[in-house]
Amino acid sequence: MRRRSLGIVAWLVVVGAVLAAYALAPRLVSDFHSRNLAEAGIFFIAIVGLNLLTGYTGQISLGHGALMAVGGYTTAALVVHEHWRDVWTIPLAGVAAGIVGFVIGLPALRLSGLYLALATFAFAVAMPSLLKKFSGLTGGSEGLRLLEQAPLQVTGLSGTVTVLGHTTTQNHFLYYLAWGIGLLGFGLAWLLVRGQAGRTLRAVRDSEVAAASVGIDLAWTKTLAFALSGVYAGVAGALLAIQNEIVNPLSFTFLLSILILVGAVVGGLGSLPGMVVGAFFVEYLPDLSTRVSNAQGVPDFVYGAAIIASMLLLPNGAGGLLRRLARPLTTRLYLRP
Amino acid sequence: MPLAFDWTQLVQQTVIGLASGGVWASLAVALVLIYRSTGVVNFAQGEMAMFSTFIAWSLVHQGLSYWAAFFLTLAVSFVGGVAVERAVIRPVERAPELTVVIVTLGLFFVVNGAARWIWTPETRSLPNAFSTRPIDVGGVAFSIQDLGTIGVSLAAVALLWLFFRFTKLGLASRASALNPEASRLVGVRVSWMLALGWGLAAAMGAVSGMLAAPALASFDQNLMQPVLLYAFAGAVLGGIDSPLGAVVGTMLLGVLINLLGTYVDWIGSELRLPVALAVILGVLLVRPAGLFGHVAEQRV
Amino acid sequence: MAESSALLELEDVSARYGPVTALHGVSLRVGEGEFVAVLGANGAGKTTTLRAISGTVRRGGRIAFAGNSIAHRPPEAVARAGVAHVPEGRGTLTELTVRENLRLGAYVRRDRGGVVEDERRVLSYFPRLGERGSQRAGTLSGGEQQMLALARALMLRPRLLLLDEPSLGLAPLVVAEIFRIVRDLNEREGLAVLVVEQNAALALEASSRAYVLEVGRVAVEGSSSDLRRDEAVRRSYLGY
C-alpha cells in the first residue's frame, strides 16, 4: 500500500514538473529562442509519431518528412486557396497525412523491413518533384507563401496573439501551441502504448509469426500504425508551415525524413520520454555544429560525429539510458513482496 | 508508309543505359557486401566512394596516370573501409540494427564534411579512362568510354566473385555472413571477416566513383548521392543479398531509366528516379525478395 | 590428490543465458583419448556444458584444455586450440557445398598436405559425402548433414571432439553408424570424445565413463559399465 502511494506521488511530481517546465520555459529565454523551442516541439510531435511506428511495430519509415509535407501543404493550401484560419487547419492536415499513411501502409502488408524502407524512401525522394508537378495546387517551385497570399489568415500577424484574454508574442504563441499539442500527443501515445493497443504493437515488432498465431491481424495493425504516425507527422508539418509562413518543395526534403529518424533513434526507440531528448538533439545540433566553425564542411563533420558518438555511447538512445537509471527506482517502487 | 522502328537508337540507348548501370553496379555490389555481413544498408557508401574519387583526383593532380591512381586508390580505399569498420561499426556490433543504420547516416555527414573541408567545393574533373572516340559496330555508334565502363565494372565484380569462390579467405568470409556461430566453431575470426567485407566494399565503391567522375565534365562532393539512390534501388530490385542480383538489377535499372527518358516524354528528368522506384516496387510486390534474392525462412 | 592433468578439466563451472543460470558448478574431466558421455533429462544442462567449453555461452569457473585455461577465450580461439564442437542442430552451412563445408573445417590448418590427406580419410569414413561433394549442404538428408557436421569437425584434426546430441532426429541405423565411426576414431586415432546424449543406452555402450546431470549439476558419475548395471541410476536418471 505504501509502495503504491509512493508510486502515485512520484508520478504526480513528474507530471507537475513537466507542466511547470512547459509553462515557464519561454520566460527563461529570449523571444527569438522561443521560436527554436517551438521548432523543437514540432520535431517532438513528428518523432513521437515515428516512434509509435518504428519503436513499437518495428517498421522503418524513411518518408516521414514527406508525410510532414502532406500536412504542411494541406495547411498552406487551405489557408491560401480556401482562406481558412491557419490554426484551424491543423486537424485536417493531420487527417490528410493519416490517410496518406494508411494508403502507404497497405503495401506494407506484402513488403516488410527493407522493402518498406525503400517504398517510403521513394515517396520521400519523389515528394519535391511531385510538389513541383502539381503547381496549380502547390504553387510549384515557388510554393505557397501564407504571409503574402493570405495575410489575414495568419495568426499573430501583428506580432501579438490574444487567446482567452491573454496576450503573448507570436513566437511564444507558437511555442505554447507546438508543445501543447506535443504534450497532448505524447499523452495519447502513452495511453495507447500502455493499453491493449500497445501490447499488440509490441507483439508485431517482436515476432510477426507469433503475433499472427495468436490472432493479431497483422495487416490491420501495421496499416493503422502507419496511419497514426502519419497523423502526427501531418500535424507537425502543419505547425511548421504555420511557423515559417511559407512552404515550398525545399521545406520537406529527404534530409528532413532522416532528421526525424535520427531524432527517434537518438531519443531511444520505444521510449516516449527519450523523444524529448531526440527533439532537442535534432533542433539544436545543426546550429551548434556551425558554432564550432563555419569553415566548409566542418559543421557537417561535427554534426555527423555527434550522431555517431551518441550512438556509440548510447546504442539504445537516451531512452535506453533513462530506463537503466530508472530501474533501481522502479524495482523498489513496484517490486512485489 | 511502314513504321520504321529505329533499332539503332534502341541499341545505342540500351548500351548507354548499361553504362550508367555499370557505374551503379559497383556501388550496388558494395551495398550487398555490407548488407550480407553487417545486416544493414550503409548509407555512407556513396560518400566513401566520393572520398576515394577525390583521393584519385589528388593523385592524378600530383602527376600519376589515371590507371596508376586507380589502383593506388583501390588499395587506400580498402584500408579505409577496414578502418571505418573497426572504429565505428565494431563498437555497435551487438546493438540493434537501427542504431547501426544511424551510425552510417552519421558517417554520411562526417565523410561529406571531411571531403568538403579537405578539398574545397570547386568543381574538378577526372581524366577519361578511355578515349571518347566513338566506334562503329555494325552501323551502330558506341562510345569506348561507355564500353570501357561496362567492362571495368564487370571485371571488378568478376574478380570479387573469384575471390569469394576460390580462396580460403573468401570462403571464410562467405561463411561468416551466412552463419557466424558455426564459423566461429571452426576457428574463423568472424569479427575480422566483417572488417574485410567493409574493406572490399570500400574498394568496390571506389571503382564506382572513379567510373562516375570521368563521365561527367566536372564533379564535386555531391557526385555520388544520385549514384547511391540508383545503386540502392538496383540492389533491392536484384535482391539485396545477391551480388549477381545487384549487377543485374542496376544494369536493368540503367536501361529502364534511359529508355524511359528517351521514349516517354512526360517523364521529365526529375521524375525518372521516382518512376523507376515505382516500377521496382511493382516488381517487389510480385517477387518480394527481388529477382535473385532469397526469402529467409522464418524459423519459429 | 596427485592426478595427472587431464586433457579437459572443468572445475565448478557455471553458465547463464542472460539472467537465467543453467549450470551451477559443474566439474568433470576428459582424459587424453577418453570417450566420455554426459547424460540427463531435457533441460539438465548437457548442451550448455558443451557450449561452456567451446565458449559459445557466458561462463564462469575453471576450464582448462591441455593445461591452458580456455575459460575466457572466444569460440574461435577454443577451436584453434584443438577443440571441435559439433553443435546441436549440426551447424552445417547449408548455403555452401559439401566440399566447401569440409574445406571450411580445415580453415585454421596450415599444413596443405595434411588437409588433403584428411579430406581423403574423412571421405573414406563417409563415402556418401564424397558422392555429394558439389551439392549444397542444405539438400542433404538429416543423417547426411550430421555426418557432414562430424566430418567438418574432423577436418580440424582436433584433440577433443564435442558431440551434441548426434542421435537427434535420425533413424536408428544412421545413429548406430555414426556412433560406430566415432568409436572407431576414438580407438584407432586416440581422439578424445565428450558426447552429450539423450539416448543413454547408446552413449553408455560407446563411452568408458559418464556423468549424469540434473538441473545444472553433476548428480552421478562413474564408469559407463557400472552405470549401465546400476538399476537405480538407470531408472531415476536415465529413464530405462
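The rules behind these values
Residues numbered from 1 in each chain as written. Chains lettered and ligands numbered in written order. Predicted model: local features only at pLDDT ≥ 70, side-chain atom pairs only at ≥ 80, totals over all residues. Helix = DSSP H or I, 4+ residues; strand = E, 2+ residues; numbered from the N terminus. Rg over C-alpha atoms; globule rule 2.2 N^0.38 Å. Buried ≥ 20, exposed ≤ 12 C-beta atoms within 10 Å, placed from the backbone. Contact = placed C-beta atoms within 7 Å. Domains from an automatic or database assignment. Nonpolar A, V, L, I, M, F, W, Y, C, P; charged D, E, K, R; others polar. Expected span 1.5 Å × (residues − 1). Pairing = 2+ DSSP bridges. Axes fitted to C-alpha atoms, helices over the stretch in contact; angles between N-to-C directions. Core = buried A, V, L, I, M, F, W, Y, C linked by C-beta atoms within 7 Å. Parallel < 35°, antiparallel > 145°, perpendicular 65-115°, else oblique. Left-handed = near helix turned anticlockwise from the far one by under 90°. pLDDT = per-residue confidence, 0-100.

Overview of the overall build of chain C
A tally of regular secondary structure across chain C gives 10 helices and 10 strands. In terms of overall size, chain C behaves like a compact globule, its C-alpha atoms giving a radius of gyration of 17 Å where 240 residues would be expected to give roughly 18 Å. By its C-alpha atoms, chain C is 50 × 35 × 35 Å across when sized along the principal axes. When each of the 240 residues of chain C is scored for burial, the buried share is 47%. Sequence separation of 24 or more characterises 66% of the internal contacts of chain C that already satisfy a separation of 6 or more.

Focus on the domain arrangement of chain C
All names here are of chain C. Entries for chain C in the domain assignment read domain 1 (1–82 + 158–240) and domain 2 (91–157). Taking only C-alpha atoms into account, the centre of domain 1 sits 23 Å from that of domain 2. Elements with a contribution of two residues or more to the side of domain 1 that touches domain 2: α2 (75–81) and α7 (172–189). A per-class count over the side of domain 1 that touches domain 2 returns nine nonpolar, one polar and one charged.

A closer look at the arrangement of the chains
The protein chains that touch form two pairs of chains, and the pair with the most contacts between them is chains A and B. Kept free of each other, chain A and chain C leave a smallest C-alpha distance of 15 Å between them.

Things to note about the interface of chain C and chain B
Listed as interface residues are 20 residues of chain C and, on the opposing side, 14 residues of chain B. When residues of the side of chain C that touches chain B are traced back to their parent elements, those giving at least two are α2 and α3 (98–105) of chain C. Grouping the constituent residues of the side of chain C that touches chain B by class yields nine nonpolar, five polar and six charged.

Thoughts on helix α14 (residues 298–313) of chain A
Between its first and last C-alpha, α14 of chain A extends 22 Å over 16 residues, near the 22 Å set by a 1.5 Å rise per residue. Tucked into the core, α14 of chain A has its buried residues touching α12 (254–267) and α13 (274–292) of chain A together with α3 (66–89) and α4 (97–118) of chain B.

Points about the sheet that holds strand β9 (residues 209–214) of chain C
All names here are of chain C. The mixed open sheet is built from six strands, whose spatial order is β6-β7-β8-β3-β9-β10. Pairing within the sheet leaves two strands with one partner each, and these edge strands are β6 (83–86) and β10 (217–223). In this sheet, neighbouring strand axes are inclined to one another by 15° on average, regardless of whether the strands run parallel or antiparallel. Alignment of strand β7 (residues 160–164) against strand β8 (residues 192–196), held across five bridges, turns out to be parallel. Across the sheet, the residue bridging to Asp 164 is Val 196, located in β8.

Observations concerning the environment of Arg 90 of chain B
Looking at where Arg 90 of chain B falls in the secondary structure, it is placed in the loop between α3 and α4. Considered as a pair, Arg 90 of chain B and Ala 276 of chain B are 186 residues apart in the sequence and their alpha carbons are 35 Å apart.

Looking at the interface of chain B and chain A
Facing the 37 residues of chain B at the interface are 30 residues of chain A. Where the side of chain B that touches chain A is concerned, the elements lending two or more residues are α4, α9 (225–238) and α11 (272–286) of chain B. Examining the composition of the side of chain B that touches chain A, we find that 16 residues originate from one element, α4 of chain B, more than from any other. The residue inventory of the side of chain B that touches chain A, partitioned by class, reads 29 nonpolar, six polar and two charged.

What about the sheet that holds strand β2 (residues 20–30) of chain C?
All names here are of chain C. Strand order across the open sheet formed by four strands is β2-β1-β4-β5, with antiparallel pairing between neighbours. The open sheet is flanked by β2 and β5 (68–69), the only strands paired with a single partner. With two bridges connecting them, strand β4 (residues 58–65) and β5 associate as antiparallel partners. Counterpart to Ala 64 in the pairing with β5 is Ser 69. The sheet contacts of helix α1 (residues 46–54) involve β1 (8–17), β2 and β4, and relative to β2 the element is tilted by about 75°.

Some points on the environment of Ala 25 of chain B
Residue and element names in this part refer to chain B. Tracing the sequence through the fold places Ala 25 in helix α1 (residues 7–38). Spatially, the C-alpha atoms of Ala 25 and Ser 218 are 21 Å apart, while their sequence positions differ by 193 residues. Residues contacting Ala 25, with those up to four places away along its chain left out, are Ser 153, Val 157, Ala 246, Val 247, Thr 250 and Met 251.

Some details on the nonpolar core
Within the largest apolar cluster, 276 residues are counted, with the highest numbers of intra-cluster contacts made by Ala 46 of chain A together with Val 29 and Leu 31 of chain B. The element that contributes the greatest number of residues to this core is helix α8 (residues 190–215) of chain B, accounting for 16 residues. When residues of this core are assigned to domains, at least three map to each of domain 1 (1–82 + 158–240) and domain 2 (91–157) of chain C. Excluding residues within four positions of it along the chain, Leu 31 of chain B makes contact with Val 41, Asn 42, Gln 45, Ala 231, Phe 232 and Ala 235 of chain B.

Observations concerning the packing of helix α5 (residues 114–133) of chain A against α11 of chain B
Running from amino to carboxyl end, α5 of chain A crosses α11 of chain B at an angle of 155°, the nearest separation of the two axes being 9 Å. Between α5 of chain A and α11 of chain B, the interaxial angle falls into the category roughly antiparallel. The handedness of the crossing between α5 of chain A and α11 of chain B comes out as left-handed. Between α5 of chain A and α11 of chain B, the residues in contact are Tyr 115, Ala 119, Ala 122, Val 125, Ala 126 and Ser 129 of chain A and Leu 273, Pro 274, Leu 277, Ala 278, Leu 281 and Leu 284 of chain B, respectively. In terms of residue class, the contact of α5 of chain A with α11 of chain B is built from 11 nonpolar, one polar and no charged.

Regarding unusual backbone geometry
With a phi angle near 60°, Glu 245 of chain A is a residue other than glycine that sits in the positive phi range. When you line up the elements, Glu 245 of chain A lands in the loop between α11 (218–244) and β4 (246–247). The buried category is assigned to Glu 245 of chain A, around which 21 C-beta atoms lie within 10 Å. In this structure, Arg 90 of chain C is a non-glycine residue whose phi angle is positive, near 75°. Using a count of 24 C-beta atoms within 10 Å as the deciding quantity, one classes Arg 90 of chain C as buried.

Here's the deal with the confidence of the model for chain C
Confidence along chain C averages 89 in pLDDT terms, with 98% of residues attaining 70 or more. Here the predicted complex scores 0.86 on pTM and 0.89 on ipTM.

Describing the pairing of strand β1 (residues 134–137) of chain B
Residue and element names in this part refer to chain B. Here β1 pairs with strand β2 (residues 140–143) via four bridges, running antiparallel. The partner of Ile 135 across the bridge, within β2, is Phe 142. Linking two consecutive strands that pair antiparallel, namely β1 and β2, is a turn of two residues; a positive phi of about 60° is found at Gly 138 within it.

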